[in-house]
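# Topology and contacts: notes
Next come the chains, spelled out residue by residue.
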Amino acid sequence: MNPATTIGKPLHGVSYYPDLWPVSEIDRDITLMRELGINMVRMGDFAWAKMEPSEGKISLDFHLRVMDKLHVAGIATVFCTPTAGPPIWLTHNHPERCFTLTDGTPMSHGSRQHASYDHPYVRTACMRIVEAIGRSVGHHPGLIALQIDNELKCHVDQDFNEFSIKAWHAWLEKRFRTIDQLNEAWCTGIWSMRYERFDQVPAPRPTPFAHSPSLTTAWQEFTYERIAEFCDEQAAILRKHSSVPITHNTHLYFPLNFERIFRNMDFASFDDYPNSAQYPRLLMQCDMLRAAKPGKSFWVMETSVAHNGWSQNHEPAHPKGYLAPQAIACYASGAQTVAYWLWRQMRAGAEMPHSAILSSWGKPALGFDEVKDVTRRLNELSPLLSNSVPAPTEVAVTWSDTGRMMMRSEPLGMNVAHKIDYTLTIEKWHRLLLEAGLPRDVRFETASLKGLRLLITPYMPSVTEAFLKQVRAFVEQGGVWIAGPLTGHRTSEQTVPLEAGLGKLEEFAGVETVYSFPISGTGASGEALGAKAPLSGWCVALRARDDETRVIGKIGSGPADGLAFITDRPVGRGRVVLISAEPQGEQGEAMLSSLIAHCAEVANVTHRYQATRGTVVFPRVKQSGRRAWIVINLDGKGGTVTLSGKATDIVSGKPIDAGDLTLTPYDVRAVDLD
Amino acid sequence: MNPATTIGKPLHGVSYYPDLWPVSEIDRDITLMRELGINMVRMGDFAWAKMEPSEGKISLDFHLRVMDKLHVAGIATVFCTPTAGPPIWLTHNHPERCFTLTDGTPMSHGSRQHASYDHPYVRTACMRIVEAIGRSVGHHPGLIALQIDNELKCHVDQDFNEFSIKAWHAWLEKRFRTIDQLNEAWCTGIWSMRYERFDQVPAPRPTPFAHSPSLTTAWQEFTYERIAEFCDEQAAILRKHSSVPITHNTHLYFPLNFERIFRNMDFASFDDYPNSAQYPRLLMQCDMLRAAKPGKSFWVMETSVAHNGWSQNHEPAHPKGYLAPQAIACYASGAQTVAYWLWRQMRAGAEMPHSAILSSWGKPALGFDEVKDVTRRLNELSPLLSNSVPAPTEVAVTWSDTGRMMMRSEPLGMNVAHKIDYTLTIEKWHRLLLEAGLPRDVRFETASLKGLRLLITPYMPSVTEAFLKQVRAFVEQGGVWIAGPLTGHRTSEQTVPLEAGLGKLEEFAGVETVYSFPISGTGASGEALGAKAPLSGWCVALRARDDETRVIGKIGSGPADGLAFITDRPVGRGRVVLISAEPQGEQGEAMLSSLIAHCAEVANVTHRYQATRGTVVFPRVKQSGRRAWIVINLDGKGGTVTLSGKATDIVSGKPIDAGDLTLTPYDVRAVDLD
Amino acid sequence: MNPATTIGKPLHGVSYYPDLWPVSEIDRDITLMRELGINMVRMGDFAWAKMEPSEGKISLDFHLRVMDKLHVAGIATVFCTPTAGPPIWLTHNHPERCFTLTDGTPMSHGSRQHASYDHPYVRTACMRIVEAIGRSVGHHPGLIALQIDNELKCHVDQDFNEFSIKAWHAWLEKRFRTIDQLNEAWCTGIWSMRYERFDQVPAPRPTPFAHSPSLTTAWQEFTYERIAEFCDEQAAILRKHSSVPITHNTHLYFPLNFERIFRNMDFASFDDYPNSAQYPRLLMQCDMLRAAKPGKSFWVMETSVAHNGWSQNHEPAHPKGYLAPQAIACYASGAQTVAYWLWRQMRAGAEMPHSAILSSWGKPALGFDEVKDVTRRLNELSPLLSNSVPAPTEVAVTWSDTGRMMMRSEPLGMNVAHKIDYTLTIEKWHRLLLEAGLPRDVRFETASLKGLRLLITPYMPSVTEAFLKQVRAFVEQGGVWIAGPLTGHRTSEQTVPLEAGLGKLEEFAGVETVYSFPISGTGASGEALGAKAPLSGWCVALRARDDETRVIGKIGSGPADGLAFITDRPVGRGRVVLISAEPQGEQGEAMLSSLIAHCAEVANVTHRYQATRGTVVFPRVKQSGRRAWIVINLDGKGGTVTLSGKATDIVSGKPIDAGDLTLTPYDVRAVDLD
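Described below are features of the structure shown in this document. Just so you know, these numbers come straight off a predicted model, no measurement behind them.

## Re the overall build of chain A
A count of helical and extended segments in chain A gives 17 helices and 31 strands. For chain A, whose C-alpha radius of gyration is 26 Å, the value lies close to the compact-globule estimate of 26 Å for 674 residues. With respect to the principal axes defined by its C-alpha atoms, chain A has extents near 80 × 75 × 40 Å. Expressed as a percentage of the 674 residues in chain A, the buried residues total 67%. With an accessible surface of roughly 22000 Å², chain A has 49% of that area assigned to carbon and sulfur atoms. A distance of 4 Å separates the average location of the 68 positive side-chain charges in chain A from that of its 73 negative side-chain charges.

The following block contains the structure:
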């Protein structure tokens, strides 16, 4: 039962807070868990005050006793470090130890994540409790994995604590070595920014107008590095005491450098609380975390059984029957584990309104029967899941953490309504692939491109030499690369490339930037592949460098009338397709879908399925090499998927004819194809 | 002329700031007041700097001379303590004496309510001026009442002054005695909140995520207690020097515990500045303040003659003819006094745009003729008003100050648009009763239920044992209790009851909570009494415990399909009706109206009238025991009211036939029924 | 080539930042500028750190060398003081030297305008660099003008620095002499504001409710005076070293007292970045700055060649062909210079997304060809422009800086949507004149009324005796004065006049205020000149004092039904027309247009042209006294203008028939009329 192997028994878990309930109820809880098919429990997160009620007096005895009971019952434990919930003795009367907002306001005890991990006193206390946990539970036979902290930065972002700012100066010095190099790189002659020493470079505190994007992006990079180092430091301590794999649980919307944070984790995990309409976002995270650690399963560490909620807000509750298809979609995508937050409704505090399997008063809650249903389906599919892996994908979208930072510094909007949000944009491209029936990865910027035939890289302002080199090799060997809007128009320091509008990308794509300008509000539209759509966002109007580069999309009006916004150039055995303005609305999505279909064909993408919208195919490859599909209706409307040949229903063993296979609402089917 | 008796001569008053005008104009003002029928003047509020221009040098001589003149003219005086307007010497260069925002920002001199009443120096200065007022004016023959401060907390809410926080710790210690009991009550194991000492418990300063609702509600309770103590302390000093009744003027939207603030007042008063469309809110306050001090008249201490306004905003001006029906509606509801803010338009400062009877340049302003009209109508009705009291009501809505605090801590919204606002919700239930023609009280949580046949208690998360005991007795004796949505789902410490979803309420109502979840966004609807409506907000889906409990409303779709949201159980000679989800929109209001009508019938409510919407009946009982109605058209559209038998017009003395009596727009009629 | 003369060679300029680019590119830039027809370069703004890289070590050598090169190429230089971009050594570790927000937050280095010019250390450093500039470049033969700072207050408004507040107290003392006079003037008895000493008067720091408008307006006046003194002090130093004219560049929306700021400037200039739909705002600024310094040309110091933009936002890019008509409209309005920001796209920093003539990579950008087009048209029209001046206007709208301050203190809105914005309101009146074909000035409050026949003064709450005296003389000599809504209802200290609702204006206009109240939301409408329109905003309902005053507009419903809102009174040979409520919407604009047409006729306004909307006539008078028109289509839709007689096309020399002359989209025509 090692999560680091690709194929393993699927785990079905819950978050559990045994210290909040009478000890007498633990046995009953464990019995109920077993009945429900729960075989994993996560605990320890936020229990620092239980473990170290007064400073330095640490005991893990309570949690160890619970682990013993769980182990006896055949339930594995994931143990978390509790550093997201500092006890009162750490910060009381010490605002200087607290996380500090841009304007200097220190956070107060009373919630979560209020301590500054950059403060040396806080850091020491964190590592002391981590060490104690490693020593106490690291060898426990029931321990299956360790989790570091919990959702780092889920409520906060950049820490302006005095010690963070000191570290910022050291980080800058390490990066630039001399202040002249920083001045040169950021062109600080602008607005008389010029610095004489590193300690003068401000954190982006309030100013009358904007800071330089070079500075705000560097500051983001620094803060993401700092929090990753905090995570690494915990992992190093834990590894001294335990050989179980270590993870951290995050979410697409948290301000982290995901590639960096997972670098030193043994496997990747994420939390997501989609309502039933948001399943595409969940699938995107599956496609991203599966790719994060190639060859390793990922985990869904938290999801709600019925609805997300806290004192000030809640999401709509899931429709009946939704939870099982959601969970199976995760397993089918490559999750080893799906775990719920939480076992029993919070009896107090800000999260009382969140759904759970049991109510605070100990009765089955809205999610109880749904979890049962997951177990039933999981049991049906467990042989398949344990005996197969997700089929390798041929198509991927790039996730660039640097791209995300840069787009935050410079969202290039016409107004608030048009600001370009990196994450939403990548979600959109992912969704277009999903709707096209193209199984897909979301791959980090430095990930290998092995196995891919089509790669899409939108909104990555800075294209590094390393990335370009890798893509060049990929294309030369026959791959098709779609470079999307705003890719390549900034240097690595978020300045304008001085050699050409798109820097080195121009030569590779066979184009020349004529104008770089905002096309929103000009009424301009573009034509490509027989479709027409309004253009929006920032536009790099292009001309082809030579006859090899073909103009696929032409701007049809406005200041750049007649220039190109989509080009296509053969390079080696493959192609570089450049999209340099965003086609908008339904027409725009239709145009992009055509382009994707066209490029997939050119790239000889072979894995593609045909299904009605809302019905998703998860292709698997068995150890035997034979192919199987898990097909799930996720929009609750039912649908069909087309089978190109005869198939066999894996659960019933019955044969299925070629042609359209109908799924009822929230139906889950598994079929052997060969 | 004692406002503490139920029946007294109606008073017609104004707010007056004689110190802002040349002394020479006071006599002219008084003459004009008499001509207009003004027989009460309120003054002293905000005049602290006039009374004590430099620290410790106090003289009330100016105001006493004005009182003398008024008294000679037959105009009674209400004198206010001026503590809402601290002089410059109190806070200049002393930010630590000032009211402090959540983030630590101290308020500055330059407006009102900027001092911290929790600061000992400020407190001492306040009580010194109060004592001087008591001593100087307490025995003046023209004095009819004393008002403490002015609209406490109208611009501010919770004070984070250092001394407030010290008092918070003492208050917590008094309430919980040991820190362990606090930790237990709030379940501070959650998020490692656990405290070692009371002085560690934070005021809800900024945190990365939400504070515990247990803490934020306790903090509200504490701050409301503090301000009530400030009010009490003033009252105790004044009582040493005067025997006139003491009041404080507040408004439905101010952050106070109304029940607590009025406990030690001799009579209740309120300010309201409705525009003409907002008369239902005004009537609700009448129904609430009449019930606040049973057997005592209430006062409307401030309302505008034409429009509310200040430098940054204004309300629409009243239509012609609106002021008189508004004023008579207040008298008819049980007000002894209606007073206007203000006599003469502010000649400077932030309130210049507010309407007055006289303009700053001394001419009749927009409200002048309207006030004359009030006097005329009042004279016509004065015999009736002096000789009768509002008929006792059989129907009431509960106003729970604790409920309001809890709903602020935990508004349980799906998003901002759906946040449940306690006050607006109670206003809605009050309006449904108004539209149903059911004369009504709004009764505080601990008020006696004497005389009632139907009680409605929505959105009171914590049902105390005392409240339940009282309601049980009420029901057993034949009353019908409608417990509305979200009533009973929290303990007194705003945690989840561990015995059952609705705690002790379940047994009483004969129900069992199956699911407690947000039904907003699920598309669920409910059916009851032949009507169908979408359901929204938080839903407690129920099943009946036994055959005695009848399901009246059934959930028709969604995750709780088939469960109950309205139940009805006979208890003793009465009934408990539980509504556990909110029917929404027009259909929802129609359903609730049907339910109210049904329950009123079951409860044998006899006082009910039939009138078109916008026309309101105010039933009165004469000292002789005979019944009379004051009927007012308040929406300016005219309407009809149905007389079940012959009646007599009180003003004209003419007989009126049974059947529909027609009212012209803004008509006011008074009829003897017997 | 002296900009202080009315007629001069038109200049065509750019902003240039040579220190941001390799020295080797300067010669290429200059060559390109010449080719494009650029004959003016502005520089020095924001280059403080280049000039004084460490404290006290000042050298202007770099910029002097660039000026030498430009001079040789025949390109004149405008040199700016760089005080908007303080170097790091000035504020690092010195938050007390920084601009401070209302809540006390000091601004940080990292952007612009973060230093407090009221701090003595900052002030000294500013004047030292100004002195060095004067000494170094003041006599350079290429220098054509000096610019002080750059867009003062464009990102900030009122400075709450400790030294600003000290200066506030001194300013108050100078103004009021004794604190009793301040107390009396502001009626500080209200809310116990009363002050014992000047140092107690707060800057408008956060308070629970509003400050007195008297105080907030005085504070605005003070801060505008302070920044003007900063500007004056620089000018005085520069004048010691140079005889070239001095200017400052501002924009309609910046928080300055424009009349005060230009008082000590030698000529007026402004920056504006309209998108193509916003040309009326640009024309308004032309009409205002032409009038600011009578007999002197103004400059357009900055405008974009294609689109405005910075990291967080951008405007829509100009349509093709728009730039030239925009530029010619400015020259035709009386601009000597139109200059672009900027020559070459920013290669880093927050303004990378702003358009330029060259891209950062040195290629022609979107505006390149447009600038060429401007040069071409300018060459065609240069003889006319050099040989004529804008025809004197007969019509003007008053711009009252005090009015603007007062409306900010007391916007008298019904809610946010209805807040009265002074600037937008004046823009509206200006636009109505533009659409009426009436060439117009926007004249400062104390400007001479010489040459005018019709003056419109809306939203000037306080009418000073000096203004009234001047207007009275104007009217008596035959002028027509339209006093618009809210003019005259406050004293100079923003209190209510105690003699009458509109103070001394009432006698002059022959009216009496009956009611002053907000008419928004009452549903009232007004009738005038055969038109009917809803009324909104604040209404002063009037009655005529005697038979001489004629009621033109009558309120038709609501609380002031039957009273007047437009009156007309003959005074001497002219007339006073008073509008005391704002007719709203399209109907309201139609009514106001009729009134303007009527008044222009009564006033014998002779300069009027007839053109379709979007086509604008700029009348010029040649040195010979003969008349010429420049006619421009600015909305890109084309249009016609009516020629009353035969004319001659100035560019082609061909005759044009009387009647309608057709313009193509963005057409520019110049015609001799006589």
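Text resumes after the structure shown.
## Quick look at the sheet that holds strand β26 (residues 627–633) of chain C
Spatially, the six strands line up as an open sheet ordered β12-β25-β26-β31-β28-β29 (chain C), and their pairing is antiparallel. Edge positions in the sheet fall to β12 (388–390) and β29 (655–656) of chain C, since each of these pairs with one other strand and no more.

## Considering the side chain of Asp272 of chain C
Residues and elements named next belong to chain C. Secondary-structure assignment places Asp272 in the loop between β7 (269–271) and α10 (279–292). Separated by 2.8 Å, the side chains of Asp272 and Arg281 make a polar contact. Leave out the neighbours within four places in its chain, and Asp272 touches His251, Arg281, Leu282, Gln285, Glu302, Thr303 and Ser304.

## Some remarks on the pattern of salt bridges
All names here are of chain A. Applying the stated criterion across every chain yields a total of 132 salt bridges over all chains. Between Glu410 and Arg490 there is a salt bridge whose closest N-O contact spans 2.5 Å. Taken together, the positions of Glu410 in the loop between α13 (401–409) and α14 (422–435) and Arg490 in the loop between β16 (480–483) and α16 (505–509) put the pair 80 residues apart, joining distant regions of the chain. The same class applies to Glu410 as to Arg490, namely buried.

## Things to note about the interface of chain A and chain B
Chain A puts 54 residues into the contact, and the matching count from chain B is 56 residues. Here chain A meets chain B over a buried area of about 4500 Å², counting both sides, of which 64% is carbon and sulfur. In terms of surface lost to chain B, no three residues of chain A exceed His314, Arg347 and Trp361 of chain A, which account for 16% of the buried area on that side. Taken together, the connections running from chain A to chain B amount to two salt bridges. Notably, a salt bridge pairs Glu512 of chain B with Lys363 of chain A, separated by 3.9 Å at the nearest N-O pair. Viewed at the interface, chain B and chain A are joined by 13 residue pairs in polar contact (both at pLDDT 80 or more).

## Some points on the relation of the copies chain A and chain C
In this arrangement, two copies of a chain are superimposed by a rotation about an axis accompanied by a shift along the axis. In the superposition of chain A on chain C (RMSD 0.0 Å, axial shift 0.1 Å), the rotation amounts to 120°. Such values leave the two copies arranged in the relation of a three-fold axis.

## Focus on the interface of chain A and chain C
In this complex, chain A contributes 56 residues to the contact, which on the side of chain C involves 54 residues. Interface area, chain A with chain C, both sides summed: about 4500 Å², of which 64% is carbon and sulfur. It is Trp191, Pro208 and Phe209 of chain A that lose the most area in chain A upon contact with chain C, and together they represent 17% of the buried surface on that side. For the interface between chain A and chain C, the tally reads two salt bridges.

## A word on the environment of Val41 of chain B
Residue and element names in this part refer to chain B. With respect to the helices, strands and loops of the structure, Val41 is situated in strand β2 (residues 40–43). Considered as a pair, Val41 and Ile30 are 11 residues apart in the sequence and their alpha carbons are 9.7 Å apart. Dropping the residues within four chain positions of it, Val41 is found in contact with Val14, Tyr16, Met33, Leu70, Ile75, Ala76, Thr77 and Val78.

## Topic: the side chain of Ser409 of chain A
Within the secondary structure layout, Ser409 of chain A lies in helix α13. Polar contacts involving the side chain of Ser409 of chain A include one to the side chain of Thr216 of chain A, which spans 2.8 Å. Within the structure, Ser409 of chain A has its side chain in polar contact with the side chain of Thr217 of chain A (distance 2.7 Å). Leaving out residues up to four positions away in the same chain, Ser409 of chain A has contacts with Pro213, Thr216, Thr217, Gln220 and Gln494 of chain A together with Ser311 and Gln312 of chain C.

## Describing the sheet that holds strand β12 (residues 388–390) of chain B
Strands belonging to one sheet form pairs held by backbone hydrogen bonds; the direction of such a pair is parallel or antiparallel. Residue and element names in this part refer to chain B. Judged by pairing direction, the sheet is antiparallel, and its six strands sit side by side in the order β12-β25-β26-β31-β28-β29 without closing on themselves. The two strands at the open ends of the sheet, each matched to only one other strand, are β12 and β29 (655–656). Where strand β28 (residues 647–649) and β29 come together, two bridges link them in antiparallel fashion. Counted as the bridge partner of Thr648 is Pro655 from β29. Lying over the sheet, helix α12 (residues 368–386) contacts β12, β25 (615–622), β26 (627–633) and β31 (668–672), oriented at roughly 30° with respect to β31.

## A word on the environment of Leu366 of chain A
Structurally, Leu366 of chain A can be placed in the loop between β11 (335–340) and α12 (368–386). According to the relative accessible area criterion, Leu366 of chain A is buried, its value standing at 12%. Spatially, the C-alpha atoms of Leu366 of chain A and Gln147 of chain A are 28 Å apart, while their sequence positions differ by 219 residues. If we ignore the near neighbours within four places in the chain, the residues touching Leu366 of chain A are Ala306, Ala317 and Ala356 of chain A together with Tyr515, Phe517 and Pro559 of chain B.

## Observations concerning the packing of aromatic side chains
Inspection of the entire model under this criterion finds 61 aromatic pairs over all chains. Judged by centre distance (5.2 Å) and plane angle (75°), the rings of Trp399 of chain C and Tyr422 of chain C are edge-to-face. Here Trp399 of chain C, found in strand β13 (residues 395–399), pairs with Tyr422 of chain C, found in helix α14 (residues 422–435); they are 23 residues apart in sequence, far enough to count as distant. Classification of Trp399 of chain C by relative accessible area gives buried; the value is 0%. Of the residues examined, Tyr422 of chain C reaches a relative accessible area of 3% and is grouped as buried. Every member of this aromatic cluster is reached through a ring pair, and the members are Phe160, Trp168, Trp171, Trp219 and Phe222 of chain A. Positioned over the ring face of Tyr121 of chain B is Arg97 of chain B, at 3.8 Å from the centre of the ring.

## Looking at helix α6 (residues 162–176) of chain C
Residue and element names in this part refer to chain C. For α6, spanning 15 residues, the distance from its first C-alpha to its last is 21 Å, which sits close to the expected 21 Å at 1.5 Å a residue. Listed as buried for α6 are Ser164, Ile165, Ala167, Trp168, His169, Trp171, Leu172 and Phe176. Those residues of α6 hidden inside the fold are in contact with α7 (179–186) and α8 (213–241). Among the residues of α6, the N-terminal cap falls to Asn161, whose side-chain oxygen and the backbone nitrogen of Phe163 are separated by 2.8 Å.

## Some words on the packing of α10 of chain C against α14 of chain C
Residue and element names in this part refer to chain C. Direction vectors running N to C along α10 and α14 enclose 90°, while the axes themselves pass 10 Å from each other. Taken together, the axes of α10 and α14 lie roughly perpendicular to each other. Here Pro280, Arg281, Leu283, Met284 and Asp287 of α10 come into contact with α14, specifically with Ile426, Glu427, His430 and Leu434. Counted by class, the contact of α10 with α14 contains five nonpolar, one polar and three charged residues.

## A few points about unusual backbone geometry
A cis amide bond links Trp341 of chain A with the next residue in sequence, Leu342 of chain A, at an omega value of 15°. Mapped onto the elements of the fold, Leu342 of chain A is located in the loop between β11 and α12. Phi is positive for Tyr666 of chain B, close to 60°, though the residue is something other than glycine. Positionally, Tyr666 of chain B belongs in the loop between β30 (659–663) and β31. For Tyr666 of chain B, a relative accessible area of 11% corresponds to the buried category.

Quick notes on the rules
Residues numbered from 1 in each chain as written. Chains lettered and ligands numbered in written order. Predicted model: local features only at pLDDT ≥ 70, side-chain atom pairs only at ≥ 80, totals over all residues. Heavy atoms only, no water. Helix = DSSP H or I, 4+ residues; strand = E, 2+ residues; numbered from the N terminus. Rg over C-alpha atoms; globule rule 2.2 N^0.38 Å. Buried < 20%, exposed > 50% of the residue type's maximum accessible area, 1.4 Å probe, protein only. Areas by Shrake-Rupley, 256 points an atom, 1.4 Å probe, with all protein chains shown as cover. Lys, Arg positive; Asp, Glu negative; His and termini not counted. Charge placed at Lys NZ, Arg CZ, Asp CG, Glu CD. Pairing = 2+ DSSP bridges. Polar contact = N/O pair within 3.5 Å; in protein donor to acceptor, adjacent residues only side chain to side chain. Contact = heavy atoms within 4.5 Å. Salt bridge = Lys/Arg side-chain N within 4 Å of Asp/Glu carboxyl O. Buried area = accessible area lost by both parts, 1.4 Å probe. Least-squares fit on C-alpha atoms with pLDDT ≥ 70 in both. Axes fitted to C-alpha atoms, helices over the stretch in contact; angles between N-to-C directions. Phe/Tyr/Trp six-rings, centres within 6.5 Å; stacked < 30°, edge-to-face > 60°. Lys NZ or Arg CZ within 6 Å of the ring centre and 35° of its normal. Expected span 1.5 Å × (residues − 1). Parallel < 35°, antiparallel > 145°, perpendicular 65-115°, else oblique. Nonpolar A, V, L, I, M, F, W, Y, C, P; charged D, E, K, R; others polar.

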